[in-house]
Amino acid sequence: MDKPAVAVLFGGRSSEHSISSATAGGVLHAIDRDRFRVIPIGITRDGAFVLEDDDPGKFALDPAHLPEVVDNGTRIIWPDSARSRELNVVDATGTRSLGEVDVVLPILHGRFGEDGTIQGFLELLDIPYAGAGVLMSAIGMDKNTTKHVLQAAGVPVVPWVSVTSAGLRRDRRLWEQRIRALGLPVFVKPARAGSSVGVSKVEDWSTLEAALDTAFAEDGTVLVEQAVVGRELECGVLEGRDGGLPRVSVAGEVVISGRDFYDFAAKYLGAPGIELVCPASLHDGELAEMQRIAARAFEAVGGQGLSRVDFFFTGTEFFVNEINTMPGFTPISMFPTCWIASGMTYTELISDLLETALARA
């Protein structure tokens, strides 16, 4: 029997292009080649779909050289209707078939990939894909919408104010009053960005304007969140099997010392001042409550594929900070680390996502 063909999609047009490319390096290295045939498809920063090299080392994350997908002159030709799943590639020698694709693994971060756009494209072609669906991806990408959905579902969230650039221009005094009512310190972040891109911590109101400018450079809607004093905890969630309940990993903890917060440099470039501890030290009852809330949050936004749920824990209360529907997936990222600590290998985690998608199809 032929092995299922997996198209691994990475890169993309968002500011998180390099993180997606680095994730591809880990996935291409770890995917079970005995079970799956791999077609690596990169998306350039301009949005061209190219046939990439099946070379994990090419996309290693190096602080001196962030990986990226460059235009190599090839072009992926997707099926022209839902009646076919055959992929073709055009290069200098002409057009050739890559065979039929059975499932797509979109490891894209940020807009034009994690926000429901690529999921909608694959839905139109009737090609199965791993991860969250169109609506869940769109909700999860927009932090303001996520908070409203979670709040309506009874999931505790951090107090926040969302403001648009247009709203700020119309009545800056009103919005600054609402923001200042949160008290100091606050975090300012774009509504639709990830990997801590565009995020600032404000500890003095004199720096608010600069923080807003940084966030507005990424998105037209910005969140200002009350800073919660407590531990930063995270856990992974996977879709249940055969209609079962969501599966939740053990908890990991981000221990911060010497940095303002868990920023891009600490997440991906090995900057000092951050320690990732997994499993986190929690009492059985605390872990059970955190896992219950994580599963509830996952189901509230759509309950498909995977997510990483981020918490603040005050010692008595858990607050959901964010839900990431395509979390950092490099081998050292918290999502796979939590599942490895729960007894699953990195390779098994990738296989689980693909098999869930194939079973759903």
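Here is what the cut-offs are and how they apply
Residues numbered from 1 in each chain as written. Predicted model: local features only at pLDDT ≥ 70, side-chain atom pairs only at ≥ 80, totals over all residues. Heavy atoms only, no water. UniProt positions renumbered as here; feature names shortened; annotations may be inferred. Helix = DSSP H or I, 4+ residues; strand = E, 2+ residues; numbered from the N terminus. Rg over C-alpha atoms; globule rule 2.2 N^0.38 Å. Buried < 20%, exposed > 50% of the residue type's maximum accessible area, 1.4 Å probe, protein only. Contact = heavy atoms within 4.5 Å. Areas by Shrake-Rupley, 256 points an atom, 1.4 Å probe, with all protein chains shown as cover. Salt bridge = Lys/Arg side-chain N within 4 Å of Asp/Glu carboxyl O. Core = buried A, V, L, I, M, F, W, Y, C linked by side-chain atoms within 4.5 Å. Polar contact = N/O pair within 3.5 Å; in protein donor to acceptor, adjacent residues only side chain to side chain. Phe/Tyr/Trp six-rings, centres within 6.5 Å; stacked < 30°, edge-to-face > 60°. Pairing = 2+ DSSP bridges. Axes fitted to C-alpha atoms, helices over the stretch in contact; angles between N-to-C directions. Patch = residues over 30% accessible without salt bridge, like charges linked within 9 Å, V, L, I, M, F, W, Y side chains within 5 Å. Lys, Arg positive; Asp, Glu negative; His and termini not counted. Charge placed at Lys NZ, Arg CZ, Asp CG, Glu CD. Parallel < 35°, antiparallel > 145°, perpendicular 65-115°, else oblique. Nonpolar A, V, L, I, M, F, W, Y, C, P; charged D, E, K, R; others polar.

Per an unreviewed UniProt entry, the protein chain carries the name D-alanine--D-alanine ligase and comes from Microbacterium kribbense. What UniProt records for the protein chain under Subcellular location (unreviewed entry) is the sentence "Cytoplasm".

### Quick look at the overall build of the protein chain
The number of helices and strands found in the protein chain is 11 helices and 16 strands. Taking 361 residues into account, the globule formula puts the C-alpha radius of gyration at 21 Å, and the protein chain, at 20 Å, falls close to it. By its C-alpha atoms, the protein chain is 60 × 45 × 40 Å across when sized along the principal axes. Counting the 361 residues in the protein chain, one finds 54% classified as buried. A separation threshold of at least 6 residues defines the contact pool for the protein chain, and within that pool the share at least 24 residues apart is 64%. For the protein chain, the exposed area adds up to about 15,500 Å²; of that, 49% sits on carbon and sulfur atoms.

### Considering the pattern of salt bridges
One pass over the full model with this rule turns up 19 salt bridges. Measuring nitrogen to oxygen at the nearest pair gives 3.1 Å for the salt bridge that ties Glu225 to Lys147. One end of the pair, Glu225, is in strand β11 (residues 221–226); the other, Lys147, is in helix α4 (residues 143–152), and 78 residues separate them in sequence. The partner of Glu322 in a salt bridge is Lys189, and the shortest N-O contact between them spans 2.9 Å. With a gap of 133 residues between them, Glu322 in strand β16 (residues 318–324) and Lys189 in strand β9 (residues 186–190) connect regions that are remote in the sequence. Classification of Lys189 as buried rests on a relative accessible area of 5%. Look at the salt bridges and you will find they share partners, linking Lys147, Lys189, Glu225 and Glu322 into a network.

### Re the nonpolar core
Judged by nonpolar contacts, the single largest core of 31 residues is most densely connected at Phe329, Ile350 and Leu354. For this core, the secondary structure elements donating two or more residues are β1 (5–11), α1 (17–30), β7 (103–106), α10 (334–341) and α11 (346–360). Ranked by residue count, the leading element in this core is α11, at 6 residues. Counting residues in hydrophobic clusters, the runner-up holds 29 residues, among them Val155, Val157, Ile293 and Ala295.

### A closer look at the side chain of Glu225
Residue class for Glu225 comes out buried when judged on its relative accessible area of 2%. A polar contact is formed between the side chain of Glu225 and the side chain of Lys147, at a distance of 3.1 Å. Those residues within four positions of Glu225 in sequence are excluded, and the remaining contacts are Lys147, Val158, Pro159, Trp160, Leu182, Pro185, Val186, Phe187, Lys189 and Asn321.

### Observations concerning the packing of aromatic side chains
Per the stated rule, a full pass over the model turns up 8 aromatic pairs. Summarising the aromatic geometry, the rings of Phe10 and Phe59 are spaced 5.1 Å apart at their centres and angled 75° between planes, so their arrangement reads as edge-to-face. Of the two residues, Phe10 sits in strand β1 while Phe59 sits in the loop between β3 (49–51) and β4 (75–77), which places them 49 residues apart along the sequence. Here Phe10 matches Phe59 in class, with each residue buried. On the numbers, 5.9 Å between centres and 40° between planes, the contact of Phe329 with Tyr346 is tilted.

### Brief notes about the environment of Ala359
You can see Ala359 is positioned in helix α11. Judged by relative accessible area, which is 67%, Ala359 ranks as exposed. Residues Ala359 and Pro128 lie 231 residues apart in sequence; the distance between their C-alpha atoms is 9.5 Å.

### As for the sheet that holds β4
The antiparallel open sheet is built from 3 strands, whose spatial order is β4-β5-β6. Looking at strand neighbours, the two that pair on one side only are β4 and β6 (94–100), the edges of this open sheet. Averaged over neighbouring strand pairs, the angle between their axes works out to 25° when direction is ignored.

### A word on a negative patch on the surface
Taken together, the side chains of Asp2, Glu86, Glu100 and Asp102 define an acidic patch exposed on the protein surface. Its place among the elements puts Glu86 in strand β5 (residues 86–91). You can call Glu86 partly exposed: its relative accessible area is 31%.

### With respect to the packing of helix α3 (residues 134–141) against α4
Interhelical geometry of α3 versus α4 gives an angle of 105° and a closest axis separation of 5 Å. In terms of orientation, α3 and α4 fall into the roughly perpendicular class. Together, Ile139, Gly140 and Met141 of α3 and Lys143, Thr145, Thr146 and Val149 of α4 make up the contact between the two elements. Here the residues of the contact of α3 with α4 sort into 3 nonpolar, 3 polar and 1 charged.

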